[in-house]
Amino acid sequence: MAVDVSVERVLPLPPERVAAYAMDWRHDTDWTQGIRTAELTREADGGGFGVGAEVTRTAFFLGRRIDYVLRVAAYDFPRLLDMVSVAGPLPMHVTYSFEPDPAGTLARIRAQGGSGGFYRLAAPLLARQVRSSLRKDLRDLERRLMQRTD
């Protein structure tokens, strides 16, 4: 993979609360940079959201529209959500993890992608942009959760 970026942030909330919001595809557009739409287009094998489910997203990154489908490869609430692209302009692998921390929850996002041609050449620039976006995602996630009263 040409881009492999990880970011983390401690959020002052319990892991179950952070994961319940962050692992719910219906909130993707609220806190994830550039995502304009997210739709559950295939349910998990046992129904609902879990391993095998697919979420179709439309996003904008570096001024370009990107339509892609992520399939849930691993789901262990409230600890882990691991997704891989099954349709889209570039290979992508996104992992969200949430671990207990003395101050709340250690939230991590790892994004890997783009292994060919342009993406290999542009990897340093893309990595900086992705890192910046993911850091903002975690800031926005914390802000959203701190504003919620439920």
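One can find the structure itself at the top, above this paragraph.
Bear in mind that the values here come from a model prediction, so they are computed numbers and not experimental data.

A. Quick look at the side chain of Asp28. Topologically, Asp28 is positioned in helix H2 (residues 28-31). In this structure Asp28 comes out as buried when scored by relative accessible area, which is 5%. Here Asp28 is in contact with Ile35, Ala38, Val55 and Arg57, once residues within four sequence places are set aside.

B. Spatial organisation of the layout of surface pockets. There is about 720 Å³ of room inside the largest pocket. Considering the residues around the largest pocket, the lining is formed by 33 residues, among which Phe61, Ile66, Tyr68, Met92 and Val130 are closest to the centre. Sorting the residues of the lining of the largest pocket by element identifies strand E3 (54-61), strand E4 (64-76), strand E6 (92-101), strand E7 (104-113), helix H3 (117-121) and helix H4 (123-147) as the ones contributing at least two each. Ranked by residue count, the leading element in the lining of the largest pocket is H4, at 7 residues. A per-class count over the lining of the largest pocket returns 20 nonpolar, 9 polar and 4 charged.

C. Here's a closer look at the packing of aromatic side chains. Applying the stated criterion across every chain yields a total of 2 aromatic pairs. Centroid distance Trp31 to Tyr96: 5.9 Å. Interplanar angle 65°. Geometry classified as edge-to-face. Highlighted residues: Trp31 in helix H2 and Tyr96 in strand E6, separated in sequence by 65 residues. Grouping residues by exposure puts Trp31 and Tyr96 together as buried. The interplanar angle of 85° and the centroid separation of 5.6 Å between the aromatic rings of Phe49 and Tyr75 together place this pair among those described as edge-to-face. Within this pair, whereas Phe49 is found in the loop between strand E2 (35-42) and E3, its partner Tyr75 is found in strand E4, the two being separated by 26 residues in sequence.

Definitions and limits used
Residues numbered from 1 in each chain as written. Predicted model: local features only at pLDDT ≥ 70, side-chain atom pairs only at ≥ 80, totals over all residues. Heavy atoms only, no water. Helix = DSSP H or I, 4+ residues; strand = E, 2+ residues; numbered from the N terminus. Buried < 20%, exposed > 50% of the residue type's maximum accessible area, 1.4 Å probe, protein only. Contact = heavy atoms within 4.5 Å. 1 Å grid on protein atoms, 1.4 Å probe; cavity = no way out; pocket = protein on both sides within 12 Å on 5 of 7 lines; lining within 4 Å. Points joined across faces, edges and corners; volume = space filled by probe spheres on them. Nonpolar A, V, L, I, M, F, W, Y, C, P; charged D, E, K, R; others polar. Phe/Tyr/Trp six-rings, centres within 6.5 Å; stacked < 30°, edge-to-face > 60°.

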